[in-house]
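# Summary of the model geometry
Listed below are the residues making up each chain.
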Amino acid sequence: VYTFIGAADNGHTFPGACRPFGMIQTSPVTGAVGWRYCSEYVYTDSLIWGFTQTHLNGTGCMDLGDILVMPVTGTRARAWDAYRSHFPKDKEAAAPGYYTVELSDPQVKAELTASIHAALHRYTYHKADSASILIDLQHGPAWREEQYHSQVNSCEVNWEDAQTLTGHVNNTVWVNQDYFFVMKFNRPVVDSLYLPMGETEKGKRIIASFDMQPGDELMMKVALSTTSIDGAKKNLEAEIPAWDFEGVKTAAHNEWNNYLSRIEIEGTDDEKTNFYTCFYHALIQPNQISDVDGMYRNAADSIVKAGTGAFYSTFSLWDTYRNFHQLMTLVYPERQMEMVRTMLDMYREHGWLPKWELYGRETLTMEGDPSIPVIVDTWMKGLRDFDVDLAYEAMYKSTSKSRK
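The rules behind the values
- Residues numbered from 1 in each chain as written.
- Predicted model: local features only at pLDDT ≥ 70, side-chain atom pairs only at ≥ 80, totals over all residues.
- Heavy atoms only, no water.
- Helix = DSSP H or I, 4+ residues; strand = E, 2+ residues; numbered from the N terminus.
- Contact = heavy atoms within 4.5 Å.
- Pairing = 2+ DSSP bridges.
- Axes fitted to C-alpha atoms, helices over the stretch in contact; angles between N-to-C directions.
- Buried < 20%, exposed > 50% of the residue type's maximum accessible area, 1.4 Å probe, protein only.
- Polar contact = N/O pair within 3.5 Å; in protein donor to acceptor, adjacent residues only side chain to side chain.
- Expected span 1.5 Å × (residues − 1).
- Arc of directions from axis to C-beta.
- Parallel < 35°, antiparallel > 145°, perpendicular 65-115°, else oblique.
- Left-handed = near helix turned anticlockwise from the far one by under 90°.
- Nonpolar A, V, L, I, M, F, W, Y, C, P; charged D, E, K, R; others polar.

With respect to the helices and strands, the residue Ser302 is situated in the loop between strand E19 (295-297) and strand E20 (303-305). Here the alpha-carbon distance between Ser302 and Ala114, two residues 188 residues apart in the chain, equals 28 Å. Contacts of Ser302, omitting those with residues within four sequence positions, involve Tyr296 and Arg297.

Now the structure itself:
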């Protein structure tokens, strides 16, 4: 797998670290305004803005890109966009579950890996002049510059101790989104500076500083939840309890290898790279957004428990009804069953099957009823461990009534 494939202009993929169907996709940002940055990364760009924790993959609309962080050195009190860094392309590398790059301006080596609900960052500071981290909660990919500075509706943060920041952000680009987070560092924050916000901005930008020597490592965990800060803490404790970067990286590698090895092909090395990279990209979404205990925030803004323990989001059904889900029924039938049950949960919650659902909310993007052929094909493949009567009711309603 070569994760940079698809990251050329308008490819709308990202090279960063994630797990199969995981909530987290931690990856570099080289831009965030305009359609070419739906995944926040274009391979030919020369500046990295920072690293965000969630990304859309292969879509034609903007959203996610939550919690931008960037290691910085030198002057801390700069304009919000003055912390970006050049990077040599020959010092950038990635593999499933891992990404690394050398940031030239702050002289920091950045490394990223991930679990299902959490990201783990490791930054090695080659110089330690005002060693800090920019935490940008205003950031998010947007169609226009003014939207970039106005998409956050509310932002609350709290330093629970010298090594733990928690918070809740509500924003709106494509859907109205609530995310809760916990961020932990492996060394105490010795000082923090809040950057000025623009007239339409509500997302906080924080410079958190550390007492470090050249060659020291700063590690950072970030876990997300749709339900609460406690939910984010449970996710983090369950998945990344220790400061074991190599362990998390190895676990991510092994999980990807397990998923991808369900199909074995013959061919040239280039053909195998092309096939397995496409296969890899296909397994990034839909994303599991329920917490480790099965709780999630539904479309009615209620906290409920997934009926089968997992609730999925990012149903790009207009794009996937004719191919992706058919692949799932053949190769990962257990996942396909969970996704069909999620679709029926959505019907129970707001009375309609999903059309283009994101982060627990319906976008109503594109036309038709693409979930219907997905459910029918699943049933025809012999995968019937779901409420068939409810499925029929939902499909009949979609084909006989107008969705307002």
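This brings us to the sheet that holds strand E10 (residues 118-125). Judged by pairing direction, the sheet is antiparallel, and its 8 strands sit side by side in the order E7-E8-E9-E10-E17-E14-E13-E12 without closing on themselves. Sheet topology places strand E7 (92-95) and strand E12 (152-161) at the edges, where each strand pairs with a single neighbour. On average, adjacent strands in this sheet sit at an angle of 15 degrees to one another, irrespective of strand direction. Relative to strand E9 (residues 108-114), helix H3 (residues 245-260) is tilted by about 50 degrees, and along the sheet it contacts strand E8 (98-103), E9, E10 and strand E17 (217-225).

A few words on the pairing of strand E11 (residues 132-136). Within E11, 5 of the 5 residues are buried, which leaves the element mostly enclosed by the surrounding structure. Here E11 shows two buried faces, one formed by Ser132, Leu134 and Asp136 and the other by Ile133 and Ile135. Bridge count between strand E5 (residues 68-72) and E11: 5 bridges; the pairing is antiparallel. Bridge pairing in E11 places Met70 opposite Leu134. Here E11 runs beside strand E16 (residues 205-209); their pairing, made up of 5 bridges, is antiparallel. Counterpart to Ser132 in the pairing with E16 is Ser209.

Right, let's talk about the side chain of Ser371 for a bit. Along the chain, the position of Ser371 falls in helix H8 (residues 371-380). A distance of 3.4 Å separates a polar side-chain atom of Ser371 from the backbone oxygen of Pro354. Aside from chain neighbours lying at most four places away, what touches Ser371 is Leu317, Met343, Leu353 and Pro354.

Time to look at the environment of Thr44. Of note, Thr44 is situated in the loop between strand E2 (25-29) and strand E3 (47-48). Overall, Thr44 belongs to the exposed group, its relative accessible area being 67%. Residues Thr44 and Ala8, spaced 36 residues apart in sequence, show a C-alpha to C-alpha distance of 6.9 Å.

The next point concerns helix H9 (residues 388-400). Between its first and last C-alpha atoms H9 spans 18 Å; for 13 residues at 1.5 Å apiece the expected length is 18 Å, and the two agree. All buried positions along H9 are accounted for by Leu390, Ala391, Ala394, Met395 and Ser398. The buried residues of H9 occupy an angular sector of 130 degrees when the element is viewed end-on, so they sit on one face. For H9, the exposed residues set more than 90 degrees away from the buried face come down to Asp389, Tyr392, Tyr396 and Thr399.

So, on to the packing of helix H7 (residues 333-350) against H8. Interaxial distance between H7 and H8 falls to 11 Å at its minimum, and their mutual angle equals 135 degrees. With respect to H8, the element H7 is oriented oblique. Here H7 runs over H8; the crossing is left-handed. Contacts from Gln336, Met337, Val340 and Met343 of H7 reach H8 at Ser371, Val374, Ile375 and Thr378. For the contact of H7 with H8, the class distribution of residues is 5 nonpolar, 3 polar and no charged.

Scope: geometric values only; no functional claims are made or implied.
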